[in-house]
Amino acid sequence: MNGQRGITSEDLYQITWVNDPVPSPQGGLLVYVSRQINDQRDGYRSHLRLIHLETRKDKPFTFGEHDHSPSWSPDGTRIAFIRKVGGHSQVWLIPSDGGEALQISYLQHGVTSFLWSPDGKSLLVKSSVDVDEKQDESATASSNEDRTSSVLPQETIVDRIHMKSDSGGLWNGRRNHLFMITLTCSEAIPVTSGHYDIGDYVWSPDGTRIAWITTMPEEGNNHNDFTLTNHVYMSRPDGSDIQQLTSEGYTFHRLSFAPDAQSLALLASDRSYGNATLVKLYTLPISGGTPVCLSTDWDVQINHSLVGDMRSHLVTTGPVYSQDGSSILCLASVHGSVRIARFALDGSHVDYMLPEECEVYQFSELPQGSIVAAVADTQHPGDLYLYEQPGNSEIESVRLTRSNPQLEHDIQLSTPETFWYESSDGLQMQGWIMKPYGLVDGVKVPTILEIHGGPHMMYGFTFMQEFQLLAAQGYAVMYMNPRGSLGYGQQFVNACRGDYGGGDYRDLMECVDYALSQYAFIDASRLGVTGGSYGGFMTNWIVGHTDRFKAAVTQRSISNWISFYGVSDIGYFFTEDQIGGNAWEDTEKLWKHSPLAYVNNVKTPLLILHSEEDLRCPIEQAEQLYVALKRRKQITRLVRFPGANHELSRSGNPHLRVRRLEHIIGWFSEYL
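Residues numbered from 1 in each chain as written. Predicted model: local features only at pLDDT ≥ 70, side-chain atom pairs only at ≥ 80, totals over all residues. Heavy atoms only, no water.

Here the focus is the state of the cysteines. Tallying each qualifying case throughout the model produces zero disulfides. For C496, which is in no disulfide, the shortest distance to another cysteine sulfur is to C617 and amounts to 14 Å. Exposure remark for C496: the relative accessible area of 1% places this residue in the buried category. (Disulfide = S-S within 2.5 Å. Buried < 20%, exposed > 50% of the residue type's maximum accessible area, 1.4 Å probe, protein only.)

Next up, the structure:
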């Protein structure tokens, strides 16, 4: 690289993210979203940009502070998008040749997503609604949206086990439902209603049907919190004539209609390995029945499963029928890459369309068959590329955006080197090593082992500011995908269930041993370890089982499975699935797999980072570990991030993201 310096934590403030590439129906124009950190450094701003694909001219198109989710009208004359103004997000509409944007929706609780009807006359939108309160025929917001009846504090009454979520906080009693908005009238007419939440949804190409994913309530029960499966339903656009299309036993994630409107493509899990079950590609006739798996013999995760610190909660692309209708395109996670896989509907072949060793996080197909994709790699947080012959093995791309020139010209980045080795029990393991900035031949350097969360996710070929920052500070960085990770087949991802701290721990230690044998610059006497979520659990486990690491940083971690069961938003089903028991019948088992049980063994200086509003791994997990270490007079420190949840490192308050990175660097600097 041509850079003159290493990356810093504050370089985060200069990064631009691009996503949602959507080509016009005719294929000549492309609208996308550009996102940056705001001037106050306490949040993000985003706007739409437009690219002329022939001239490559790229220009700003909207000028709101929070514009996203663009979608062309079927005739290409207008673009609808979501704009957040004040407390709510609503759908706005702008002519495709520019002009004044007009607000289309006025739903009381805002809009989370929308779809154009095939005739371009209406929008199907998703919004939250208070199902236990009497609803007007329309869900249009009144001028006084905050219906506060009293200034006195009100108690919260809870009657369901799934009472909170990390992204949404305490459940507010609302459900996510569909509404129809005709463009000639802003009134929102309810399409679905009841005690259930709409997931993914789609129009049929002929406009006569809509399909959606949900879990309908059982008779006499308004909450289906113990049901981890769901169904696909179909109805008329007004919500009448509802039909359940699918059989029992599946968890459906995404869906799309075939061009002839006679079948659906589905991304789903059959739950055969619990939460570790690979997502597969299925098809289903609109008459319903048992889904047919197109990827039965393909031992690959059909979904985006790559973890990084540049984005989270991004809506990645679901199954897409090719323009000629002969195949279905999907994202697939394999060996650290996220690629576009093409499945022939006649079952004749499956292949990859774009190069490996990168992260494709969104894509669209143009009318002539070219692909526009949002792609990241180890040197770039993400840009848009045009692939004009995506089926060609010698494929060449045209780069449409250069969103972060400072990373290419001003900053020296480390390029990870991937390696493979065989575990002691015969599994093929993939890892990566990053040399530090300014490495001198013959000099040994301190090295950090990074551990990903999930555990059913994967590290791979994407940009990681945390890793680059460590390399810029003089550390080598190693990371790998231990058993339990996605990207290496069904048996591999299932191999850690019921064995947390067993084979996965050995994989990580053997990775360190392998790296030490292969890379002479690693100083075995100066090793550090860090990770978040499951990676935080494993960091806690490691310092309780070995003294080979001289410093450790645990982030948003699990320390006690017994208490985690009752305090996490997913604890009651995740613990049973991953550890194999509950807190009152299997106390000994849960304690055996809890890092807190081994706190007497900890001698490694441990920094504990945790968000105050983390409901996935609540902060009491950090407090228990911190108090135990302090009581034993061990070297430790607890850093609490206010107003942040489990997603701090990926999408949280930018200032706190920077502070988090600085705490990590500071701790390793002090103890390595």
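Moving on: the packing of helix α4 (residues 503-518) against helix α5 (residues 534-543). Any two packed helices are characterised by the angle at which their axes cross and by the distance between the axes. α5 packs onto α4 with a crossing angle of 80° between their chain directions and a minimal axis gap of 11 Å. Taken together, the axes of α4 and α5 are roughly perpendicular relative to one another. From α4, D504, Y505, L508 and M509 reach across to α5, where they touch Y534, M538, W541 and I542. Residue composition of the contact of α4 with α5, grouped by class: seven nonpolar, no polar and one charged. (Axes fitted to C-alpha atoms, helices over the stretch in contact; angles between N-to-C directions. Helix = DSSP H or I, 4+ residues; strand = E, 2+ residues; numbered from the N terminus. Parallel < 35°, antiparallel > 145°, perpendicular 65-115°, else oblique. Contact = heavy atoms within 4.5 Å. Nonpolar A, V, L, I, M, F, W, Y, C, P; charged D, E, K, R; others polar.)

When the terminal C-alpha atoms of helix α9 (residues 620-631) are compared, their 16 Å separation across twelve residues agrees well with the 16 Å that a helix rising 1.5 Å per residue should span. By the burial criterion, the buried members of α9 are E620, Q621, A622, L625, A628 and L629. Buried residues along α9 sit against α5, β38 (551-555), α6 (561-567), β39 (606-611) and β40 (636-641). In the segment just after α9, K633 is the residue with positive phi, at about 60°. (Expected span 1.5 Å × (residues − 1).)

Attention now goes to the environment of G460. Positionally, G460 belongs in the loop between β35 (445-451) and α2 (465-472). In this structure G460 touches L306, G336, W432 and Y479, once residues within four positions along its chain are discounted.

Take the sheet that holds strand β7 (residues 78-85) next. Strand order in this open sheet of four strands is β6-β7-β8-β9, and the pairing throughout is antiparallel. Two strands in the sheet have a free side with no partner beyond their single neighbour: β6 (67-72) and β9 (102-103). In the sheet, β7 pairs with strand β8 (residues 88-95) via eight bridges, with the strands oriented antiparallel. Across the sheet, the residue bridging to R78 is P95, located in β8. (Pairing = 2+ DSSP bridges.)

Here the focus is the pairing of strand β11 (residues 122-130). Counting buried positions over the nine residues of β11 gives nine, a clear majority of the element. Here four bridges tie strand β10 (residues 113-116) to β11, and the two strands are oriented antiparallel to one another. Bridge pairing in β11 places F114 opposite V125. The antiparallel pairing of β10 with β11 creates a hairpin that spans five residues between the two strands, and G120 there sits at a positive phi of about 75°. As judged from the nine bridges shared by β11 and strand β14 (residues 174-182), these two strands associate in the antiparallel manner. If you follow K126 over to β14, its bridge partner there is L178.

A rise of 1.5 Å per residue sets the reference length of α4, with its 16 residues, at 22 Å; its end C-alpha atoms lie 22 Å apart and thus fit the reference within 8%. Of all the positions in α4, only G503, D504, Y505, D507, L508, M509, E510, C511, V512 and A515 are classed as buried. Summarising the contacts, the buried residues of α4 are in contact with β33 (417-422), β34 (428-434), β35, β36 (476-480), β37 (522-532) and α5.

This part covers the environment of S414. Structurally, the position occupied by S414 is in the loop between β32 (411-412) and β33. The spacing of S414 and E670 is 256 residues in sequence and 23 Å in space, taken between C-alpha atoms. Among all residues touching S414, those that are not within four sequence positions of it are Q379, M434, K435, Q468 and A471. A distance of 2.8 Å separates a polar atom in the side chain of S414 from the backbone oxygen of K435. (Polar contact = N/O pair within 3.5 Å; in protein donor to acceptor, adjacent residues only side chain to side chain.)

With their axes 11 Å apart at the nearest point, α2 and helix α11 (residues 654-671) run at an angle of 35° to one another. The interaxial crossing formed by α2 with α11 has right-handed handedness. Facing α2, whose interface residues are Q465, E466, L469 and L470, α11 presents R660, L661, I664, I665 and F668. (Left-handed = near helix turned anticlockwise from the far one by under 90°.)

Let's shift gears to empty space enclosed by the protein. One pass over the full model with this rule turns up four cavities of 30 Å³ or more. Here the largest cavity is characterised by a volume of approximately 90 Å³. Q555, R556, L609, H610, S611, D614, F641, N645, H646, L648, S649 and R660 are the residues that line the largest cavity. Of all the secondary structure elements, the ones that give two or more residues to the lining of the largest cavity are β39 and α10 (648-651). Looking at the lining of the largest cavity residue by residue, the class counts come to three nonpolar, six polar and three charged. (1 Å grid on protein atoms, 1.4 Å probe; cavity = no way out; pocket = protein on both sides within 12 Å on 5 of 7 lines; lining within 4 Å. Points joined across faces, edges and corners; volume = space filled by probe spheres on them.)

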